[in-house]
Amino acid sequence: MTDPRYTPLVQTLPATVPFVGPEVQERDMGQTFRARLGANENVFGPSPHAIVAMEREAAQIWKYADATNFDLKAALSAKLGCSPENLIFGEGIDGLLGYLVRLLVSQGDRVVTSDGAYPTFNYHVTGFGGALVKVPYRDDREDLPALIAKAVEVDAKIVYLANPDNPMGSWHSGAEIEAAVETLPDGTLLVLDEAYVEFAPADAVPAIDVQDPRVIRMRTFSKGYGMAGARVGYGIGAADLIRSFDKIRNHFGMNRAAQVGALAALQDEIWLQDVIAQVNAAKVRIGQIAAANGLNALPSAANFVAVDCGRDGDFARAVLRALVARGIFVRMPFVAPQDRCIRISAGTPKDLDALAEVLPLALEEARAGVSA
């Protein structure tokens, strides 16, 4: 009896996963979290119309979904003012990033990203044998000029930029991004991850021709539309690039309930605006809680707030552990000096009441542990 014959590349990869989810932590602790504030989920949920649509579709779940996502593409293209041929749907932005890397990256091809940016993209690059080239953050945001300069230096196939950024919540203006596109080297694609675009100020959204072959924009129904569990992501790009996804994508990656739910959510602008207002109010409250405990909340254009714990990463990790042990699920950046922060997702008033109650205790425990 022998083991499967893994590829040489797979044998070199570490045995790890991008995230340890809250459910895993709850099983390890033997209890559920009081407040789920670590995954940047939209705790206010999807539109009631989306819930009804998905419930109705449950009886039809025996059917495969429309592999072309025709109705959803038609509605979204009308909203965005582009052609359906400029849109690709898939299993969240995560799935689309994997397909994109598979399309463009061969073993040894260089890909430029920020050190500490969204890690799932990195897993795709290494999983296809690409070489990650990382640029440090500058002033707690991704250093866009340095990313482009590095792409020129190493002849990168892809440059990845999240705007707004996760894990810091920082952002660039649309004008900055438009100018940066004009400096991209030939043959380099800018992957603009706009997962949090619904929460961003209007001037953070660049005006880029949808047929510009130098850029693909990634968006999702997970954040503003509150459908993280449905896994609905989409890309906006030049028609030739979008057609290329059909060569390698899972054509039945979207399920029927997710399709109809996303369509209904897209049509409920009133709910979306109400969610944005609730998120903004929650971010203000998080800032107030932070300030009451002597901490600094960084400005955020996303649905979470990075809170500077005022010391180093070891101290922030101690704060995080103490919060988790007391039933408050939060996360934090992985790379110094951003790891001096903890990242707190927008929550309900009840969630944030629990945070306000527990944070002083967590800080006290972390300070005592550091002093010991």
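Rules behind the numbers
- Residues numbered from 1 in each chain as written.
- Predicted model: local features only at pLDDT ≥ 70, side-chain atom pairs only at ≥ 80, totals over all residues.
- Heavy atoms only, no water.
- Buried < 20%, exposed > 50% of the residue type's maximum accessible area, 1.4 Å probe, protein only.
- Helix = DSSP H or I, 4+ residues; strand = E, 2+ residues; numbered from the N terminus.
- Arc of directions from axis to C-beta.
- Contact = heavy atoms within 4.5 Å.
- Salt bridge = Lys/Arg side-chain N within 4 Å of Asp/Glu carboxyl O.
- Pairing = 2+ DSSP bridges.
- Axes fitted to C-alpha atoms, helices over the stretch in contact; angles between N-to-C directions.

Our next topic: helix H2 (residues 22–29). Inspection of H2 places Pro 22, Gln 25 and Glu 26 among the buried residues, and these make up the whole buried set. Considered in projection along H2, the buried side chains sweep an arc of 100° and stay on one side of the axis. Exposed residues lying more than 90 degrees from the buried face of H2 are Arg 27 and Asp 28. At its buried positions, H2 is contacted by strand E1 (35–36), helix H12 (313–325) and strand E11 (328–329). Gly 30 occupies a position one or two residues after H2 and carries a positive phi of about 75°.

The next subject is the pattern of salt bridges. The tally for this structure, following the rule as stated, stands at 22 salt bridges. The salt bridge partner of Arg 256 is Glu 57, with a shortest N-O separation of 2.9 Å. Remark: Glu 57 occurs in helix H3 (residues 48–57) and Arg 256 occurs in helix H10 (residues 256–266); sequence separation between them is 199 residues. For Glu 57, a relative accessible area of 13% corresponds to the buried category. The shortest N-O distance in the salt bridge between Asp 246 and Arg 249 comes to 2.7 Å.

In terms of burial, strand E12 (residues 341–345) is a largely internal element, five of the five residues being buried. Because side chains alternate across E12, one face comprises the buried residues Cys 341, Arg 343 and Ser 345, and the other comprises Ile 342 and Ile 344, equally buried.

A word on the sheet that holds strand E2 (residues 87–90). Strands sit in the order E2-E8-E7-E6-E5-E3-E4 across an open sheet of seven strands; the sheet is mixed. Edge positions in the sheet fall to E2 and strand E4 (131–135), since each of these pairs with one other strand and no more. Here the average twist between neighbouring strands, direction ignored, is 20°. Pairing of strand E7 (residues 215–220) with strand E8 (residues 233–237), which is carried by five bridges, proceeds in the antiparallel orientation. Each residue of the ladder has a partner; that of Arg 219, found in E8, is Tyr 234.

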